[in-house]
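Chains, contacts and geometry: an overview
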Amino acid sequence: MLALQRRYTLQLSSSGDFMQWHQATVLHQCLSQTAVMLSLKRKWTPRNAFDLCSHCLMCVPRNLQITKEHFALYQQEITPREKVHERCKNICTPKDTFDRTLLHTHDKSRTDLEQVPKIFMKPDFALEDSLTFNAVLPWSHFSTAGGKGNRDAASSKLLQEKLSHYLDIVEVNIAHQISLRSEAFFHAMTSQHELQDYLRKTSQAVKLLREKISKIDKVMCEGSLRVLRLSLTRNNCIKAYNKLKLMATVHQTQPTVQLLLSTSEFVGALDLIATTQEVLQQELQGIHSFRHLGSQLCELEKLIDKMMIAEFSTYARNDLNRPLEDDCQILEEERLVSLVFGLLKQRKLNFYEIYGDEMIITAKNIIKQCVVNTVSQIEEIDTEVVVKLADQMRMMNFPQWFDLLKNIFSKFTIFLKRIKATLNTIRSVVFLVLDKNQKTRDLEDTLEKNSAKDSTVDTEVAYLTHEGMFISDAFSEGDLLPVAADTTSQRNTSPNSEPCSSDSVSEPECTTDSSSSKEQTSSSVTPGGVEMMISDDMKLTDLELVRLANNIQELLYNASDICHDRSVKFLMARAKDGFLEKLNSNEFVALSRLMEGFILDTEQICGRKSMSLRGALQSQANRFVNRFHEERKTKLSLLLDNERWKQAEVPAEFQDLVDSVSDGRISLPEKKTAATEERKPAEFLIVEGQKYATVGTVLLLIRIILEYCQCVDNIPSITTDMLTRLSDLLKYFNSRSCQLVLGAGALQVVGLKTITTKNLALSSRCLQLIVHYIPIIRAHFEARLQPKQFSMLRHFDHITKDYHDHIAEISAKLVAIMDSLFDKLLSKYEVKAPVPSACFRNICKQMAKMHEAIYDLLPEEQTQMLFLRINASYKLHLKRQLAHLNVVNDGGPLNGLVTSDVAFYTGNLQALKGLNNLDLNMAEIWEQKR
C-alpha cells in the first residue's frame, strides 16, 4: 500500500498535469492515514537551495550598475510559471467558500475529539504504566470465571468497538489536517525540478566567478597584500628592536641606582626605580628574565628610605653642631633640599622629629661647652679637685657667672637663627610641592573641559577605526609615524592607557619614555636660590602638606622652648645655694635686663612667646622683691627705732635727688660728684619752693621710695609686687611713727625724756613731705600698670587718707596740750589787780614757747590755723571761768580788769611772728545778753 502510494505520487508529480494531480489528491485522502503520514516525512523545502549561494551573493561588488538586461533571463524563466499559477487560481475553489467549509469541518472535528477520553491526550500516556493500563483496559472485561463468560465477552467486544471508534475519530482528524496542508505540499513537489535547474546554473555561475576572482587575486591583490604584510612585519621588527633596547636599559637600572646612591642622588635613584617599575608593569610585563627585578627594586627602595633617614640625621647633626659663630648660612642647601624632596616623595613625613631630637642634644652641649670654656679660663677653679661642672659653676662670682650666662644667650640666639633658616628652607620645599599640586589640579580641570568639547570628534574617529584599518591607511602608516608619535605619547600619559601589544602598536608607542607617561616635572626655585624639579607623583594631599608645614613651624617654637628650658635649668643650678637671692639691686637688674633681652630676641626670631624662662625670671623677681622689701623695711625699722625726732641737716645729694624728682625724673644718682661733696648741708629741704624741716629717717625713706620706683623701671614684671610692697612700707612708716611720737613710744625706745611740741610739729611736717610725693609715686606706677590693674592704685588713696588723719591727730595733739594748759591756769584765774595778772603772763609765755617751737617747722598758714584753734580753746576756757566768777560785760571794775588782761593777751599773741593779722575775735568770751 505504501509503495503503491509513493509510485503513484511520483508519476503524478512528473507528468505535470494539474487536473490529474487534483484528482489524485482526492484519491490520496481515501488512502490509509498512516501511509499519507509516512509520505509527508519525505517533505522537502526549496529554501535550502537558496542558502547554498548566500555567501556567493554577498561577494557581488557593491558598485555594480544594475540594468534591465540583467533581468531578461529571469523573465524568460518565470513567465511560463506565472501562467501555470494563474490557471491554478481559476480552477481552485473560491476562498470564501473554502473558508466556510473549512470552518464547519473544524467545528465538527472538535466535537468528535471531545468524545475521546482525556487520558489518551496526555503527553505522558504510556500503557507500560499499570495505572494507565487498568484505566484503559479494566481486568474485569477479561475474566471468564463464575459463569459470567458471555457477559464478559460482550463487554470485551464493546470495549474493542469503543476503542476502534476512538481510533477512527483520531484518524479522521489527522486526515483532515493533512488535507488542509496538501496544497502547499504538492505545490512544493511541482517546483522541485525548476529548483534543481536553478541550482545547477547557480553552481556553474559560482564556479566561473571563483575562477575570475582567483585570476584577479593573482594579478591585482597578491602583490599589494604582500606589501602590506611586509610593512606590518617591518613595524613588528621595529617594535621588537625597541623592546630589546628598553630591556637593555632596564637591565642597567640597578648599576645606575648604585651609582646615584654613591653620590647621594636619592631623588634621581627613586625616580629611576619608579620609572623602571612602571615599565615592568606596562611595557615589559610577562618578561621571564625580569620576574625578580620588581621585588629587588622594592627592596632597594626600602634601603633608600633608610639611607635618606640616616643621611638626614647626619645632616641635622652636622648643621646644629658646627661652630656657633655669627654666621646663619644654611649648610649645604642643595643637599638639604634634595633630602627633603626625597623624604616627601617616600611619604616619610615625620623626618622633622629627627631634627627636633638633635636640637635637644645640641642645646645641652652648648651649655656644657660654654661652662667648660669659661671654667678653663678661671685660675681659681681647680678642675681636678672639683670635677662636676655644676660645682665648678657655683664657684664663680657674679661677674664671671654673668659673663657665662651672656655667652650662653648669645650662642642660643645664633643657634635659633640657624634653626630658623634651615626650617624655613624645609617649609619652602613643602609649600612648593603644595603649589605644584594646586597647579596640577587646575591643569586637570582645564583638560577635562577641553576633553568634553572634543568628545564628539573622538567618537567619530573611534567609529571609523573600530573595525580595522583601511587599505590606504595601511599603506600610508609609515608616512604618518612622526605625527602619530605625539598623539600616542599623549595617550600613554593617561592613567587608563593599556600596555602596547606586539602587533597593533606603532614604533613611537613602544619607544615612549615611561617617565613621560607617568609624571610631568616642573622647575621651582627655593628662597635660597636652589632650583629643583618637582614631579607630579608626590601623592601627598594638601591636608598632609599643610599639616607638615605647621609641624615644622611648631618645631621652631619648640626650639625656642628648648633654649628657654635649658636656660632655666642653668639658672636653677646656680640658684641652689641662694646665690640669686643674695644679689644686690644693681646685679639683679643687670641679670633681669639680660634675660629680658634674650626673651625678646627669641620671640622676634621664633614669633611666639616662651613662658618657661619668663616664669623663672618672675619667680626670681618675686624672691628678689621679697628680699628687697624686707631689707628696706628692716632698715626703716632700725632708723625709726633710733630716730630722736630732731631736725636734721639736708645733704646736697638729697636736695639734688628731690630736685630731679621735681623735674619729672625719678632715678637715683649713680655716683656722688665732687661738686656735691663740697656743698654744705642745708637746714631745710626745698621742695617746689616750700621748706620742709625733716628728720634723717624721712630723707632715707625718700631715697628708699625712689629705689622702689627705679626697680620697677628696671624690672617691669614686678610692678604689681613692688606697688604692694611700697604700700606696705608707707603704711609701716605711718603706723610706726605714730606709735613713737603720738604714742610716746620713743620714750622707751630711744630714751627721750618727753615728747615735745617740736617733736610733734616735726613729725607732722615729715608726714606732709611724704604726702607730697604720694601722687608722684602713684602716677609713676600708673604709667607702668595694665589698665586692668588700675584698681591696685587705690592703695595710694588709702595711704593718703591715713597720712592726713595722722597729721590731723598731731594738730589735735598740739591743741590738746595748750587746752590742758588753759584749763589748769584759767581755773585759778581771779579778777583782781595787778594787771596783767600772773595767769595771763604765764599763758602768753606758753603761747610764745609754742610759737617758737613750731614756727620754723610748719608753714605760716598752718601756724595761723593752729593758733586759731588754740585761741578758740583759750576763749572757751576763759568764758567758762568768767561765767563761774559772775563777771559780765557791764563796764564795771571787774569788767575793766578782765578787759585789760585780754588786751595784754591779744597784744602778745599778735606780736608773734606771722600772727599779726590773726583775727582773734575776743568778744566771744562774754555771755550774750538775752
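Structure report, in brief. Bear in mind that the values here come from a model prediction, so they are computed numbers and not experimental data.

1. Digging into a negative patch on the surface
Taken together, the side chains of Asp 442, Glu 444, Asp 445 and Glu 448 make up a negatively charged region of the molecular surface. Within the secondary structure, Glu 448 sits in helix H17 (residues 398-453). Classification of Glu 448 by relative accessible area gives exposed; the value is 53%.

2. Let's talk about unusual backbone geometry
At the junction of Ala 833 and Pro 834, the peptide bond is cis and its omega measures out at 0° in the coordinates. Following Val 835, the chain continues into Pro 836 via a peptide bond in cis, with omega recorded as -5°. Summarising the element assignment, Pro 836 is placed in the loop between helix H32 (794-826) and helix H33 (838-854). One non-glycine residue, Asn 886, lies in positive phi territory at about 60°. Looking at where Asn 886 falls in the secondary structure, it is placed in the loop between helix H34 (860-885) and helix H35 (893-911).

3. Notes on the pattern of salt bridges
Inspection of every chain in the model, using the stated rule, returns 21 salt bridges. Here Arg 778 makes a salt bridge to Asp 797, at a shortest N to O gap of 3.6 Å. Taken as a pair, Arg 778 in helix H31 (residues 757-782) and Asp 797 in helix H32 lie far apart in primary sequence, 19 residues in all. You can call Asp 797 partly exposed: its relative accessible area is 42%. We note a salt bridge from Asp 805 to Lys 801, for which the minimum N-O separation is 3.2 Å. With Asp 805 and Lys 801 both in helix H32 and four residues apart, the pair spans about one turn of that helix. Residue Lys 801 is classed as exposed on the basis of its relative accessible area, which comes to 53%.

4. Considering the nonpolar core
The biggest cluster of nonpolar side chains holds 196 residues, and the ones touching the most others in it are Trp 401, Phe 781, Phe 867 and Tyr 874. Examining the composition of this core, we find that 18 residues originate from one element, H17, more than from any other. Those residues in contact with Tyr 874 that sit more than four places away from it in its chain are Phe 822, Leu 826, Phe 840, Ile 843, Val 902, Tyr 905 and Met 922.

About the cut-offs
Residues numbered from 1 in each chain as written. Predicted model: local features only at pLDDT ≥ 70, side-chain atom pairs only at ≥ 80, totals over all residues. Heavy atoms only, no water. Patch = residues over 30% accessible without salt bridge, like charges linked within 9 Å, V, L, I, M, F, W, Y side chains within 5 Å. Areas by Shrake-Rupley, 256 points an atom, 1.4 Å probe, with all protein chains shown as cover. Salt bridge = Lys/Arg side-chain N within 4 Å of Asp/Glu carboxyl O. Lys, Arg positive; Asp, Glu negative; His and termini not counted. Charge placed at Lys NZ, Arg CZ, Asp CG, Glu CD. Helix = DSSP H or I, 4+ residues; strand = E, 2+ residues; numbered from the N terminus. Buried < 20%, exposed > 50% of the residue type's maximum accessible area, 1.4 Å probe, protein only. Core = buried A, V, L, I, M, F, W, Y, C linked by side-chain atoms within 4.5 Å. Contact = heavy atoms within 4.5 Å.

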